[in-house]
Number of protein chains: 2
Amino acid sequence: MAVRITWQDVYDKIHKRILDSSYAPGDKLPRDEDIAQELGCARSTVQRAMRELSEEGIVERRRKGGTHVRSYPVTRATFDISVTRHEVESAGKVYSYQLINREIAKSPRNVMAAFGLTAPKDMLRIEALHLSDRQPYIYEDRWVCTDTVPEIANVDLQCESANEWLVLNRPYDHADLRFYAQNADAYHADLLDAQLGVALFVMERTTWIGTAPITTVKAVTSPGYQLITRT
Amino acid sequence: MAVRITWQDVYDKIHKRILDSSYAPGDKLPRDEDIAQELGCARSTVQRAMRELSEEGIVERRRKGGTHVRSYPVTRATFDISVTRHEVESAGKVYSYQLINREIAKSPRNVMAAFGLTAPKDMLRIEALHLSDRQPYIYEDRWVCTDTVPEIANVDLQCESANEWLVLNRPYDHADLRFYAQNADAYHADLLDAQLGVALFVMERTTWIGTAPITTVKAVTSPGYQLITRT
DNA sequence: TAGTGGTCTAGACCACCGG
DNA sequence: CGGTGGTCTAGACCACTAT
């Protein structure tokens with residue numbers, strides 16, 4: 001009996017043809033049905049392989065239009081942002097945490113913008129420092145929407161970081177992410193034990209549940225921080 | 001006759017139960033078979049939904065172990081890096097390009113590191129500036145492995161950027177990506193029309209075909225550049 | 001070793017959209 | 001409107017791994 005073809009076999013064969021330019025950018029691939037027949041498998045197996053290629057941004061598929069190699073390939077990369085404690089610990093370091101400030105305050109303009117608000121609002125602001133092997137690692141400036149998350153008022157943020165509490169207790173729908181570079185001002189330089197003006201890598205994240213905003217956080221990393229990923 | 005259940009229906013139902021904490025972090029979900037029966041669909045439909053949840057990092061699945069809500073949720077984000085010309089044009093700006101330098105040179109240490117080389121090697125180095133509406137946008141410092149891509153020697157890089165030529169003519173297998181912040185030195189400040197010392201967002205990318213290195217590029221963005229994505 | 005998820009099949013119908 | 005991809009089903013077998 002014939003060998004059993006897996007969807008990964010199909011994936012590899014088609015991918016190889018793209019890599020060696022048998023199918024070049026913009027080219028149209030045969031219909032799933034024909035590929036299935038050629039390779040001797042069911043159409044759904046081809047479907048499975050093609051979905052993978054499609055999700056990776058290698059081909060584009062359209063009903064009736066067929067499958068095409070992307071005219072302008074993209075590098076599609078995925079990365080995970082986890083709880084900072086985990087990030088530190090999985091690097092084999094000792095994690096610690098300091099609460100710097102906790103207050104109720106009117107949301108400033110940048111926070112209003114992140115949440116799409118038109119007027120300032122009382123929110124819970126939390127500033128904290130994450131440390132790796134006792135060295136400053138990430139300073140986080142967080143605003144929590146107390147309308148959406150009233151329970152956070154009762155959490156002891158001295159021992160449990162807002163980062164972790166929220167992740168465990170407040171699942172979110174979707175998030176907006178933003179990465180950029182920023183010069184250390186006096187405040188950040190002091191907290192992160194960095195030189196004034198040094199370039200710092202910043203990650204901003206705003207999370208929502210449905211249309212209700214949960215929290216927005218600006219994570220300022222210490223000098224030398226890199227975000228690394230592989231496709 | 002009963003309503004036809006789609007995998008997205010299943011996805012939504014399960015996701016909702018996770019969002020409202022019916023299933024909390026660490027909890028075990030019923031077997032696919034049971035969910036299929038409960039919702040009145042085939043097991044493969046549940047499979048399809050569960051794979052999605054799994055790929056998004058919301059649940060973890062293991063044979064025999066079953067399906068669990070992740071104990072420590074992660075934010076899994078995806079972003080595309082496309083040809084710089086496209087990035088500029090899809091922002092509604094006018095793209096232009098300047099070749100700054102083109103030379104054969106021994107790979108410096110950082111390039112050796114990116115490629116995993118132990119000894120320096122002659123490679124093609126290309127420096128170029130991408131502009132958006134005539135303003136400096138990204139400076140790219142690229143090293144091309146001429147062993148893997150000999151044809152690039154014959155390409156006129158005055159009119160076609162190496163970025164674009166490589167993407168169209170040299171498909172790659174996988175890529176390493178690296179993001180960080182860096183202070184503008186005199187050279188970058190001059191090219192990008194930026195102030196000395198200002199924080200710049202940098203993207204490094206190294207691509208491979210199998211085990212053969214293709215190119216490594218350091219893209220230094222102009223001040224204010226942000227990488228934005230949404231989950 | 002038994003239980004669970006992963007995959008393949010063959011066939012059917014549907015949804016979208018290009019010619 | 002017809003061709004193509006997207007999905008569902010029911011059943012079977014396989015692969016991994018927790019117990």
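Because the structure is a prediction, the values reported are computed rather than measured. (Residues numbered from 1 in each chain as written. Chains lettered and ligands numbered in written order. Predicted model: local features only at pLDDT ≥ 70, side-chain atom pairs only at ≥ 80, totals over all residues. Heavy atoms only, no water.)

Interfaces are often sized by the accessible area lost when the parts come together. Taken domain by domain, chain A comprises domain 1 (7-69) and domain 2 (84-221). Distance from the C-alpha centre of domain 1 of chain A to the C-alpha centre of domain 2 of chain A: 43 Å. (Domains from an automatic or database assignment.)

With respect to spatial proximity, 22 residues lie near DNA strand C, and among them Thr6, Trp7 and Thr45 of chain A together with Arg43 and Gln47 of chain B are the closest. Within 4 Å of the protein, the contacting atoms of DNA strand C are 69% sugar and phosphate, with bases supplying the remainder. Within the contact set of DNA strand C, a phosphate oxygen lies 3.2 Å away from a side-chain nitrogen or oxygen of Arg31 of chain B. In this structure, a phosphate oxygen belonging to DNA strand C sits 2.4 Å away from a side-chain N or O atom of Gln47 of chain B. Of all the elements in the fold, those that place two or more residues in the surface near DNA strand C are helix H3 (43-55) of chain A together with helix H3 (43-55), strand E2 (59-62) and strand E3 (66-69) of chain B. Looking at which element gives the most residues to the surface near DNA strand C, the answer is H3 of chain A, with three residues. (Near = heavy atom within 4 Å. Polar contact = N/O pair within 3.5 Å; in protein donor to acceptor, adjacent residues only side chain to side chain. Helix = DSSP H or I, 4+ residues; strand = E, 2+ residues; numbered from the N terminus.)

The two copies are related by a screw operation: chain B maps onto chain A through 180° of rotation and 0.0 Å of translation along the axis, at an RMSD of 0.0 Å. What the rotation and shift describe, once combined, is the action of a two-fold rotation axis. When you check the interface residues of chain B against chain A, 100% turn up at the interface there too, and the contact is symmetric in its surfaces. (Least-squares fit on C-alpha atoms with pLDDT ≥ 70 in both. Contact = heavy atoms within 4.5 Å.)

Assignment of secondary structure puts Thr215 of chain A in strand E10 (residues 212-221). The class of Thr215 of chain A is buried, set by a relative accessible area of 5%. (Buried < 20%, exposed > 50% of the residue type's maximum accessible area, 1.4 Å probe, protein only.)

This part is about the packing of aromatic side chains. Aromatic rings considered in pairs are described by the distance between their centres and by the relative angle of their planes. All told, the structure shown has 14 aromatic pairs over all chains when counted by the stated rule. Both rings, one in Tyr139 of chain B and one in Tyr187 of chain B, keep their centres 5.9 Å apart while their planes meet at 90°; by these two values the pair is edge-to-face. Here the residue Tyr139 of chain B occupies a position in strand E7 (residues 135-144), and Tyr187 of chain B occupies one in helix H7 (residues 186-192), the gap between them amounting to 48 residues. Counting every residue linked through ring pairs, the aromatic cluster contains Phe79, Tyr137, Phe179, Phe201 and Tyr225 of chain A together with Phe79, Tyr137, Phe179, Phe201 and Tyr225 of chain B. Above the face of the Trp7 of chain B ring, Arg48 of chain B is positioned so that its terminal group lies 4.0 Å from the ring centre. (Phe/Tyr/Trp six-rings, centres within 6.5 Å; stacked < 30°, edge-to-face > 60°. Lys NZ or Arg CZ within 6 Å of the ring centre and 35° of its normal.)

Let us now look at the pairing of E7 of chain B. Looking along a regular strand, one sees side chains alternate from face to face of the sheet. Residue and element names in this part refer to chain B. Of all ten residues in E7, nine are buried; the element is thus mostly enclosed. Judged from the nine bridges that link them, strand E6 (residues 122-132) and E7 form a sheet pairing that is antiparallel. Across the sheet, the residue bridging to Glu127 is Asp141, located in E7. Following E6, the chain reverses through two residues before pairing antiparallel with E7; Asp133 in that reversal takes a positive phi of roughly 50°. (Pairing = 2+ DSSP bridges.)

Around DNA strand D lies a shell of 23 residues, among which Arg43 and Gln47 of chain A together with Thr6, Trp7 and Thr45 of chain B are the nearest. Within the side chain of Thr67 of chain A, an N or O atom sits 3.4 Å from a phosphate oxygen of DNA strand D. Here a sugar or linking oxygen of DNA strand D sits 3.2 Å away from a polar atom, N or O, in the side chain of Arg4 of chain B. Listed by contribution, the elements that provide at least two residues to the surface near DNA strand D are H3, strand E2 (59-62) and strand E3 (66-69) of chain A together with H3 of chain B. The greatest single-element share of the surface near DNA strand D, amounting to three residues, is contributed by H3 of chain B. Residue composition of the surface near DNA strand D, grouped by class: four nonpolar, seven polar and twelve charged. (Nonpolar A, V, L, I, M, F, W, Y, C, P; charged D, E, K, R; others polar.)

This part takes up the sheet that holds strand E9 (residues 199-209) of chain A. Reading across the sheet, the seven strands line up as E5(A)-E6(A)-E7(A)-E10(A)-E9(A)-E8(A)-E11(B) and stay open at both edges, with antiparallel pairing between neighbours. If you trace the sheet from one side to the other, it starts and ends with strand E5 (95-106) of chain A together with strand E11 (227-230) of chain B, each paired once. The average angle at which neighbouring strand axes cross in this sheet is 15°, direction not considered. (Axes fitted to C-alpha atoms, helices over the stretch in contact; angles between N-to-C directions.)

Take the sheet that holds E3 of chain B next. Residue and element names in this part refer to chain B. Taken in spatial order, the three strands of this open sheet run E1-E3-E2, and their pairing is antiparallel. Each edge of the sheet is formed by a strand with only one pairing partner; in this case those strands are strand E1 (28-29) and E2. Note that E2 and E3 share four bridges and pair antiparallel. The residue of E3 that forms the bridge with Arg61 is Thr67. Across the face of the sheet, H3 comes into contact with E1, E2 and E3 while running at roughly 120° to E2.

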